[in-house]
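# Topology and contacts: notes
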Amino acid sequence: MPHRPDDDDRPARLHRLLLARGETVAAAESLTAGLFCATLATVPGASATLRGGVIVYATELKTALAGVPADLLAAHGPVSPETAAALAEGVRGRCAASWGIGLTGVAGPDPVDGHGPGRVYLGVAGADGTDVVRLDLPGDRAAVRRAAVAGAMDALLARLA
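Residues numbered from 1 in each chain as written. Predicted model: local features only at pLDDT ≥ 70, side-chain atom pairs only at ≥ 80, totals over all residues. Heavy atoms only, no water.

## Brief notes about the overall build of the protein
Let me state the cut-off plainly: Secondary structure follows DSSP: runs of H or I at least 4 residues long count as helices, runs of E at least 2 residues long count as strands, and numbering of each begins at the N terminus. A contact between two residues is defined here by any heavy atoms of the two lying within 4.5 Å. Computed by Shrake-Rupley with a 1.4 Å probe, the accessible areas treat only the displayed protein chains as cover when residues are assessed. Positive charge is attributed to Lys and Arg, negative charge to Asp and Glu, and no charge count is given to His or to the chain ends. To locate a charge, the coordinates of NZ of Lys, CZ of Arg, CG of Asp or CD of Glu are taken.
Helix and strand counts for the protein stand at 6 helices and 5 strands. Counting from the amino terminus, the protein carries its helices and strands in the arrangement α-β-α-β-α-α-α-β-β-β-α. Within the protein, contacts between residues at least 6 apart in sequence are counted, and of these 64% link residues at least 24 apart. Taken as a whole, the protein presents about 7200 Å² of accessible surface, with 55% of it coming from carbon and sulfur. In the protein, which carries 15 positive and 17 negative side-chain charges, the distance between the mean positions of the two groups comes to 4 Å.

And the structure:
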């Protein structure tokens, strides 16, 4: 059965853990186009832990809205571990959140800059540093986007554990 955000307990677990720690999260979303924040917002009381986010689908908006250095984008491209880390760090600072999540990748069906469909990089930035997770996800655009959100939640849950 395919993953559906509304039948998954990840958002509620994430909210409970953040709430217990008095922490918040913000996201800079490229391929997921707001799905991470929208999924977290399904939890009642999410406003206590979800600061907000930016949709940075267009490459130049990664710089303008999330603070990704233009020279980093020029050197590594929009789909890279470096960009995922910079997205997470930038949105964390700009939204004054405890945690920043950066999601970038290729939902498909066509490759982007040499990366095939399903290649996703997730950045998780906190006070103790930034981690990047690489995923190679199967499925169509919708499946890749949903799995990227689940992967980002799993990555943050792991940092909170």
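## A few points about the nonpolar core
As a reminder of what qualifies: Side-chain atoms within 4.5 Å link the members of a nonpolar core, which is a set of buried Ala, Val, Leu, Ile, Met, Phe, Trp, Tyr and Cys residues. Three labels apply to residues, based on accessible area from a 1.4 Å probe with only protein chains included: buried if under 20% of the type maximum, exposed if over 50%, partly exposed otherwise in between.
Leu14, Val25, Phe36, Ile101, Leu103, Val120 and Leu156 are the most contacted members of the largest nonpolar core, which totals 28 residues. With 9 residues, helix α6 (residues 141-160) is the single largest residue contributor to this core. Among residues more than four places away in sequence, those in contact with Leu156 are Leu14, Val25, Trp99, Ile101 and Val124. Residues Val56, Ala66, Leu72 and Leu73 belong to the second largest nonpolar core, which totals 13 residues.

## Let's talk about helix α5 (residues 81-94)
How we decide: Multiply 1.5 Å by the residue count of a helix minus one, and that product is the helix's expected span.
For α5, spanning 14 residues, the distance from its first C-alpha to its last is 20 Å, which sits close to the expected 20 Å at 1.5 Å a residue. Among all positions of α5, only Thr83, Ala84, Ala85, Ala86, Leu87, Ala88, Gly90 and Val91 are buried. Two residues or fewer after α5 comes Ala96, characterised by a positive phi angle close to 50°.

## Description of the pairing of strand β5 (residues 129-136)
To be explicit about the condition: Pairing between two strands requires that DSSP report at least two bridges joining them.
Pairing of strand β4 (residues 119-126) with β5, which is carried by 8 bridges, proceeds in the antiparallel orientation. Across the sheet, residue Ala125 finds its bridge partner in β5, namely Thr130. A loop of 2 residues connects β4 with β5, the two strands running antiparallel in sequence.

## Some details on the environment of Gly118
Within the element layout of this structure, Gly118 appears in the loop between β3 (99-105) and β4. In this structure the C-alpha to C-alpha distance between Gly118 and Val68, which are 50 residues apart in sequence, comes to 22 Å. Look past the residues within four positions of Gly118 in its chain and what remains in contact with it is Val106, Leu135, Asp136, Leu137 and Val144.

## A closer look at the side chain of His115
Along the chain, His115 turns up in the loop between β3 and β4. Residues within four places of His115 in sequence aside, it is in contact with Val79, Val106 and Tyr121.

## Section: the pairing of β4
The element β4 is extensively covered by neighbouring structure, given that 8 of its 8 residues are classed as buried. Burial along β4 is two-sided: the face carrying Arg119, Tyr121, Gly123 and Ala125 and the face carrying Val120, Leu122, Val124 and Gly126 are both buried. Where β3 meets β4, 6 bridges bridge the pair, whose relative direction is antiparallel. Residue pairing in the sheet places Ile101 in a bridge with Val124 of β4.

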